[in-house]
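Examination of the molecular architecture
Chain by chain, the residues:
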Amino acid sequence: GDPKVQDLIPLFDKHQVDVVFFGHIHTYERSWPLRCGEIDPEEGTVYLQTGGAGGYLEDFSPTRNWFSATLRRTHHYCTVTLLRDRLELRAYDIEGRLFDRYERRKDERPSR
């Protein structure tokens, strides 16, 4: 991603941030949970690029990034539900079809 944002990653790891949302690039990409530069399903942060609400859609690089769990080049919108210890993200195309779902429960993460 953007090299200017790289300095924030240790802060996200330290404070056990569950999800980081960002836009600008007109595509959808959800990472695997990442911590210290590796996939970590238990303690990692999910990075979600959601930039497909309008405008020209961009292309992906020819080689998929190692950290990408889901990629989609489509106009889309997302919903996020927070209820007690559960976060649920859903991503839909403009026809209303669900194309990605991610859930995280706080009780699944060990405290440090």
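I will try to describe carefully the structure that is included in this document.

Thresholds applied
- Residues numbered from 1 in each chain as written.
- Predicted model: local features only at pLDDT ≥ 70, side-chain atom pairs only at ≥ 80, totals over all residues.
- Heavy atoms only, no water.
- Phe/Tyr/Trp six-rings, centres within 6.5 Å; stacked < 30°, edge-to-face > 60°.
- Helix = DSSP H or I, 4+ residues; strand = E, 2+ residues; numbered from the N terminus.
- Buried < 20%, exposed > 50% of the residue type's maximum accessible area, 1.4 Å probe, protein only.
- Pairing = 2+ DSSP bridges.
- Axes fitted to C-alpha atoms, helices over the stretch in contact; angles between N-to-C directions.
- Contact = heavy atoms within 4.5 Å.
- Salt bridge = Lys/Arg side-chain N within 4 Å of Asp/Glu carboxyl O.

1. Focus: the packing of aromatic side chains
Geometry of an aromatic ring pair is reported as the spacing of the ring centres plus the angle between the planes. One pass over the full model with this rule turns up 4 aromatic pairs. Aromatic side chains Phe-12 and Tyr-47 sit 6.1 Å apart centroid to centroid with 55 degrees between the ring planes, which places their arrangement in the tilted category. Of the two residues, Phe-12 is situated in helix α1 (residues 9-14) and Tyr-47 in strand β5 (residues 46-50); the sequence distance between them amounts to 35 residues. Overall, the relative accessible area of 15% leaves Phe-12 in the buried class. With a centroid separation of 5.0 Å and an interplanar angle of 85 degrees, the aromatic rings of Tyr-28 and Phe-99 are classed as edge-to-face. Placement of Tyr-28 in strand β2 (residues 28-31) and of Phe-99 in strand β9 (residues 98-105) is noted, with a sequence separation of 71 residues between them. For the pair Tyr-28 and Phe-99, one class covers both residues: buried.

2. Some thoughts on the sheet that holds strand β6 (residues 68-72)
What the 4 strands build is an open sheet, ordered β1-β5-β2-β6; its pairing is mixed. Of all strands in the sheet, those bounded by a partner on one side alone are β1 (19-22) and β6. Geometrically, the sheet is characterised by an average inter-axis angle of 10 degrees between neighbouring strands, direction not taken into account. Strand direction decides the pairing type here: β2 and β6, joined by 4 bridges, are antiparallel. Directly across from Arg-30, in β6, lies its bridge partner Thr-70.

3. Considering unusual backbone geometry
Even without glycine at this site, Gln-16 takes up a positive phi of about 50 degrees. Within the secondary structure, Gln-16 sits in the loop between α1 and β1. Positive phi, normally seen in glycine, also occurs at Cys-36, with a value near 55 degrees. Take Cys-36: it is sitting in the loop between β3 (34-35) and β4 (38-39). On the basis of relative accessibility, which here comes to 58%, the residue Cys-36 falls in the exposed class.

4. Structural notes on the environment of Phe-60
Among the structural elements, Phe-60 can be located in the loop between β5 and β6. Once the C-alpha coordinates of Phe-60 and Leu-48 are considered, the two residues, 12 residues apart in sequence, prove to be 15 Å apart. Discounting chain neighbours no more than four positions away, the residues touching Phe-60 are Thr-27, Tyr-28, Leu-71, Arg-72 and Arg-73.

5. Brief notes about the pattern of salt bridges
The full count for this structure, using the stated rule, is 12 salt bridges. Between Arg-73 and Asp-59 there is a salt bridge, with the nearest N and O atoms lying 3.0 Å from each other. Here Arg-73 is found in the loop between β6 and β7 (76-83), whereas its partner Asp-59 is found in the loop between β5 and β6, with 14 residues between them in sequence. The exposure class assigned to Asp-59 is exposed, which follows from its relative accessible area of 60%. Notably, a salt bridge pairs Glu-103 with Arg-101, separated by 2.7 Å at the nearest N-O pair.

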